[in-house]
Amino acid sequence: MARITKLEDIVSLCKRRGFIFQSSEIYGGLASCYDYGPLGVELKNNVKKAWWNSVVQMRDDVVGLDCSILMHPLVWKASGHVDKFADLIAECKKCNARTRVDHLAEHAEEHTEHISIDAAMAKEHDLSNKVCPNCGAVGGFTEPMPFKLMFETQMGANVDDSMTMHLRPETAQGIFANFRNVLDTTRVKIPFGIAQIGKSFRNEVTTKAFIFRTREFEQAELEFFCEPGTDEKWFEHWKKTRFDWYVELGIKKENLRMRDHAGDELAHYAKSCVDVEYKFPLGSGDWQELEGIANRTDFDLRQHQRGIRTLNKWFENNRLMDKIELAAEAEDYESGPLSYFDDEQKKRYIPYVIEPSAGIDRSALAFLVDAYDEEEVRGEKRNLLRFHHALAPIKVGVFPLVKREGMPEIAKNIYNDLKRHFNCFYDEKGAVGRRYRRQDEAGTPFCITVDGQTKEDNTVTVRDRDSMEQVRVATDQLRSHLQERLDM
Ligand code: GAP
């Protein structure tokens, strides 16, 4: 039976080897915020590169974008986040700890993402038997109330021009707000997508699961615009494409599945949604969301057409949002500023949108968990990360067998040559076996060792992380040998 990886093993390895640290650790730490160390930042960059490569670079129908995190306040009114992006919470009367009602109901801290607030409010909630996860008191909760998830901040130095702004809770809205710009400045034609990777922020109520759910995180989102009526076809296309991406990058199929959202789970903008789920070793070891793929219909573009019509009212209201209602939709909305004119069919419409939305941190965690392995080698435990080569933070370790007889000089030359092509690491400290183990634990696919034979025949050993097999390779063949084996 396959060994089950525990989250503690991953957290401990991440700290020990410099993948991930608690934020502000020297001040005692900041809850649910994490920093990526020297190995972690390489892993995360490789996850982003692999996503960009698959979703943008290798396709002819997707272009990229990088939007600012702060956006016009009306964006979040139009998108529905100001009014609807909230969790239903209840406060324990004994200890004042606030907990998400759906998490109380399910006794599963790490389970669901945000369910629609309308559906949550409409439900009957009997909390009389529920236990406070903080102090253990039973049934002593306040009435459920909405808790807003967007972080607020102020923009502007003077009282007169200061505005309340929101840190974006998803990167998607920057894409919708630039839909017209991209249409007008590129040759894209529907069907096409706009992709972006960037930070998002949510004042999550429940955290406590390492980098699985944090208050600041990175998303990789694609908004794929298509003609209404073709949306189901593209939904299926993206479900398959995104599921396959994880498998191609080495996640074991038995740890991945697709799950359709139930009606009351759907976000306020979605007609249908499916999650790619991974068997994370959290809490009960249950399936958890890795990525959501939603059919957002024409909701967002239509809402932003209403948002634009609200601008005058917003200025009249001294740029305060409190009492502003979003303007009604124009009767001729289908020919509005965010509509699309199809040259061939000679018709105008508001496109539908299929959105695959992945979490970079959550993917990095899944790749770490899935790659983690322990085995016994000659009576000793060997920890290793069997990363797909594309994700490995370091591709090649270079060692002299011993620190004498000219071996370090030869190894340094090899290192200096190879590092122009791959991320390499030079190490001459301690026994060579220990150096191999350190690279195994970092997930480095290959280690090169310069030994006594090198001076005689200009060959070195190349050791494979997974099989631990070593082959001798001529030094002038090293680069092509590694390029071939790393597939780079
Ligand atoms: N634009 C759609 C959207 O934001 P979502 O399901 O709320 O949908 C998409 O988020 C993905 O972003 C999730 O599947 C998850 O991977 C990641 N994500 C969401 N909230 C997160 C959090 N608090 N911490 C880490 N990742 C998060």
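Note that the structure is predicted; figures quoted are calculated from it, not measured. (Residues numbered from 1 in each chain as written. Predicted model: local features only at pLDDT ≥ 70, side-chain atom pairs only at ≥ 80, totals over all residues. Heavy atoms only, no water.)

Asker: Please clarify how helix α9 (residues 231–248) should be interpreted in this entry.
Answerer: Since there are 3.6 residues in each turn of an α-helix, residues three or four apart along the chain are aligned in direction. With 18 residues, α9 should reach 26 Å at 1.5 Å per residue; the first-to-last C-alpha distance of 25 Å fits that figure. Immediately downstream of α9, the backbone of G250 shows phi near 100°, a positive value. (Helix = DSSP H or I, 4+ residues; strand = E, 2+ residues; numbered from the N terminus. Expected span 1.5 Å × (residues − 1).)

Asker: Which parts of the structure should I look at to understand helix α1 (residues 7–16)?
Answerer: Every buried residue belonging to α1 is among L7, D9, I10, L13 and C14, and all of these are buried. Relative to the axis of α1, the buried residues are bounded by an arc of 160° and lie together on one face. In this structure, the buried side of α1 is in contact with β1 (20–22), α12 (360–371), β17 (372–377), β18 (380–385) and α14 (432–442). At the exit of α1 stands G18, carrying a positive phi of roughly 75°. (Buried < 20%, exposed > 50% of the residue type's maximum accessible area, 1.4 Å probe, protein only. Arc of directions from axis to C-beta. Contact = heavy atoms within 4.5 Å.)

Asker: Would you take a moment to explain empty space enclosed by the protein for this structure?
Answerer: Left-over empty space is what a probe sized like a water molecule reveals as it rolls over the atoms. Counted under the stated rule, the structure contains 1 cavity of 30 Å³ or more. Approximately 30 Å³ is the volume attributed to the largest cavity. Lining the largest cavity, in full, are W51, V55, A220, L222, W238, R242, E291, P356, S357 and A358. Those elements that place two or more of their residues in the lining of the largest cavity are α2 (38–57), β10 (216–226), α9 and β16 (352–359). No other element matches β16, which puts 3 residues into the lining of the largest cavity. For the lining of the largest cavity, the class distribution of residues is 7 nonpolar, 1 polar and 2 charged. (1 Å grid on protein atoms, 1.4 Å probe; cavity = no way out; pocket = protein on both sides within 12 Å on 5 of 7 lines; lining within 4 Å. Points joined across faces, edges and corners; volume = space filled by probe spheres on them. Nonpolar A, V, L, I, M, F, W, Y, C, P; charged D, E, K, R; others polar.)

Asker: Sorry, what's going on with the pattern of salt bridges here?
Answerer: Two side chains that carry opposite charge are able to pair once their charged atoms sit near each other. Counted by the stated rule, this structure contains 44 salt bridges. With a shortest N-O distance of 3.6 Å, D361 and K44 are connected by a salt bridge. Here K44 lies in helix α2 and D361 lies in helix α12, a separation of 317 residues in the sequence. For D361, a relative accessible area of 7% gives the class buried. Overall, K44 belongs to the buried group, its relative accessible area being 9%. Between D370 and K252 there is a salt bridge, with the nearest N and O atoms lying 3.2 Å from each other. Taken together, the positions of D370 in helix α12 and K252 in the loop between α9 and β11 (256–260) put the pair 118 residues apart, joining distant regions of the chain. (Salt bridge = Lys/Arg side-chain N within 4 Å of Asp/Glu carboxyl O.)

Asker: Would you take a moment to explain the sheet that holds β10 for this structure?
Answerer: Across a sheet, paired strands are connected by hydrogen bonds in the backbone, their directions being either parallel or antiparallel. The strand order across the open sheet built from 7 strands is β3-β9-β10-β16-β13-β12-β11, with neighbouring strands paired in mixed fashion. With one partner strand each, in any of the chains shown, β3 (62–64) and β11 form the two edges of the open sheet. Averaged over all pairs of adjacent strands, the angle between strand axes in this sheet comes to 25°, irrespective of strand direction. Bridge count between strand β9 (residues 192–201) and β10: 10 bridges; the pairing is antiparallel. Note on β10: the bridge partner recorded for I197 is A220. The sheet contacts of α9 involve β10, β11, β12 (272–279), β13 (287–297) and β16, and relative to β13 the element is tilted by about 155°. (Pairing = 2+ DSSP bridges. Axes fitted to C-alpha atoms, helices over the stretch in contact; angles between N-to-C directions.)

Asker: Is there a simple way to think about the site of the ligand in this case?
Answerer: Neighbouring the ligand are 19 residues, the closest being E170, E204, T214, E221 and E289. Side-chain polar atom of E170 to a nitrogen atom of the ligand: 2.5 Å apart, as the coordinates give it. Between R296 and the ligand, the recorded distance is 3.4 Å, taken from a side-chain N or O atom to a nitrogen atom. Computed on the free molecule, the ligand has an accessible area of 550 Å², of which 94% lies beneath the protein chains in the complex. Where the shell around the ligand is concerned, the elements lending two or more residues are β10, β13 and β16. Looking at which element gives the most residues to the shell around the ligand, the answer is β13, with 5 residues. Here the shell around the ligand is built from residues that sort into 4 nonpolar, 5 polar and 10 charged. (Near = heavy atom within 4 Å. Polar contact = N/O pair within 3.5 Å; in protein donor to acceptor, adjacent residues only side chain to side chain. Areas by Shrake-Rupley, 256 points an atom, 1.4 Å probe, with all protein chains shown as cover.)

Asker: Could you clarify how one ought to interpret the sheet that holds strand β5 (residues 98–100) in this entry?
Answerer: Judged by pairing direction, the sheet is antiparallel, and its 3 strands sit side by side in the order β5-β4-β6 without closing on themselves. In the strand order of this sheet, the two ends are held by β5 and β6 (145–148), each with one partner. Pairwise comparison of adjacent strand axes, ignoring direction, gives a mean angle of 50° for this sheet. Examined bridge by bridge, strand β4 (residues 86–91) and β6 share 4 bridges and lie antiparallel to one another. What sits directly across from D87, in β6, is F147.

Asker: Could you clarify how one ought to interpret the pairing of β18 in this entry?
Answerer: Each regular strand shows side chains that alternate between the opposite faces of the sheet. Bridging between β17 and β18 involves 6 bridges; their strand directions are antiparallel. By the bridge assignment for β18, V377 is matched with E380. In sequence, β17 turns back onto β18 through a hairpin of 2 residues, with R378 there showing a positive phi of about 45°.

Don't take any of this as a statement about function, it's just geometry.
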